[in-house]
Amino acid sequence: MMELITFEQFLQVELRAGTIIDVQPFPEARKPAYKLKIDFGELGIKKSSAQITTLYSVEELLGTQVLAVVNFPAKQVGPFMSECLVTGLHREDGAVVLVRPTEPVPNGSKLA
C-alpha cells in the first residue's frame, strides 16, 4: 500500500530544472552510471550519479534539461558525492527514462 503524504510535505521537495553541462563515465559504480554536473542557475552547479546509460549517450545528455530533487542531503556513491537526485521512470525492461521539460525553461525553475 502506498503511504499518503500531505500537500505541505510535497511542497518541501525542491524539484528543479537544470541543464546537464558535463557527463563522465562512472566505472566504479556497482551498476552502470554516469557522473553528471547540472547547472541549476541561481542554485549553482550540482553533481549527481545517474543510472541512465541504457538509453542515453554522453553526447545526447550534454545540454539536456532534467528535473531533479535539489534539497536532499549529499550522498556518497562509491568515491563520488552526489548532491541531487535526477528523476526518471522505469520502463518494463528496467531502463530509466528521464523526466525532463518538453520546452526549455530557466535553470532552477521549480516544478509548478
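Look above for the structure.
(A) Representation of the overall build of the protein chain. Along its length, the protein chain carries 2 helices and 9 strands. Mapped from its N terminus to its C terminus, the protein chain presents α and β elements in the order α-β-β-β-α-β-β-β-β-β-β. The globule rule puts the C-alpha radius of gyration for 112 residues at 13 Å, and the 14 Å found for the protein chain is close to it. The principal-axis extent of the C-alpha atoms belonging to the protein chain is close to 40 × 35 × 30 Å. Burial analysis of the protein chain (112 residues in total) assigns 33% to the buried set. By sequence separation, contacts in the protein chain at least 24 residues apart represent 57% of the contacts at least 6 residues apart. In the structure as shown, the protein chain presents an accessible area of about 7500 Å², 57% of it carried by carbon and sulfur atoms. In the protein chain, 11 side chains carry a positive charge and 13 a negative one; their mean positions are 6 Å apart.

(B) Structural detail: the pattern of salt bridges. Per the stated rule, a full pass over the model turns up 3 salt bridges. A salt bridge links K110 to E14, with the shortest nitrogen-to-oxygen separation between them at 3.3 Å. Pair noted here: K110 is in the segment after β9 (96–98) and E14 is in the loop between α1 (7–11) and β1 (15–25), with a separation of 96 residues, a long-range link. A salt bridge links R91 to D93; the shortest N-O distance between them is 2.6 Å. On the basis of relative accessible area, R91 is assigned to the partly exposed category, the value being 38%. By relative accessible area, D93 is classed as exposed at 54%. A single network of salt bridges, built from pairs that share partners, joins E14, R16 and K110.

(C) Quick peek at the pairing of β1. As paired elements, β1 and strand β4 (residues 65–69) share 5 bridges and run antiparallel to each other. Counterpart to L15 in the pairing with β4 is V69. The pairing of β1 with strand β2 (residues 34–39) spans 6 bridges and is antiparallel. Of the residues in β2, the one forming a bridge with D22 is K37.

(D) Quick look at the side chain of R16. Tracing the backbone through its elements, the reader meets R16 in strand β1. A distance of 2.6 Å separates a polar atom in the side chain of R16 from a polar atom in the side chain of E14. Those residues within four positions of R16 in sequence are excluded, and the remaining contacts are F40, L43, V66, L67, A68, V70, G108, S109 and K110.

(E) Up close: the layout of surface pockets. Considering only enclosed or pocket space, the largest pocket measures out at about 700 Å³ in volume. Contributing to the lining of the largest pocket are 26 residues, with S49, A50, Q51, V77 and L85 lying nearest its centre. Elements that contribute at least two residues to the lining of the largest pocket include exactly β3 (45–50), β5 (75–77), β7 (85–86) and β8 (88–90). Taken together, the residues of the lining of the largest pocket break down into 12 nonpolar, 9 polar and 5 charged.

(F) Focus on the sheet that holds β1. The sheet built from 5 strands is open, its strands ordered β3-β2-β1-β4-β7 with antiparallel pairing. Every other strand in the sheet has two partners, leaving β3 and β7 as the edge strands with one partner each.

Procedures and definitions
Residues numbered from 1 in each chain as written. Predicted model: local features only at pLDDT ≥ 70, side-chain atom pairs only at ≥ 80, totals over all residues. Heavy atoms only, no water. Helix = DSSP H or I, 4+ residues; strand = E, 2+ residues; numbered from the N terminus. Rg over C-alpha atoms; globule rule 2.2 N^0.38 Å. Buried < 20%, exposed > 50% of the residue type's maximum accessible area, 1.4 Å probe, protein only. Contact = heavy atoms within 4.5 Å. Areas by Shrake-Rupley, 256 points an atom, 1.4 Å probe, with all protein chains shown as cover. Lys, Arg positive; Asp, Glu negative; His and termini not counted. Charge placed at Lys NZ, Arg CZ, Asp CG, Glu CD. Salt bridge = Lys/Arg side-chain N within 4 Å of Asp/Glu carboxyl O. Pairing = 2+ DSSP bridges. Polar contact = N/O pair within 3.5 Å; in protein donor to acceptor, adjacent residues only side chain to side chain. 1 Å grid on protein atoms, 1.4 Å probe; cavity = no way out; pocket = protein on both sides within 12 Å on 5 of 7 lines; lining within 4 Å. Points joined across faces, edges and corners; volume = space filled by probe spheres on them. Nonpolar A, V, L, I, M, F, W, Y, C, P; charged D, E, K, R; others polar.

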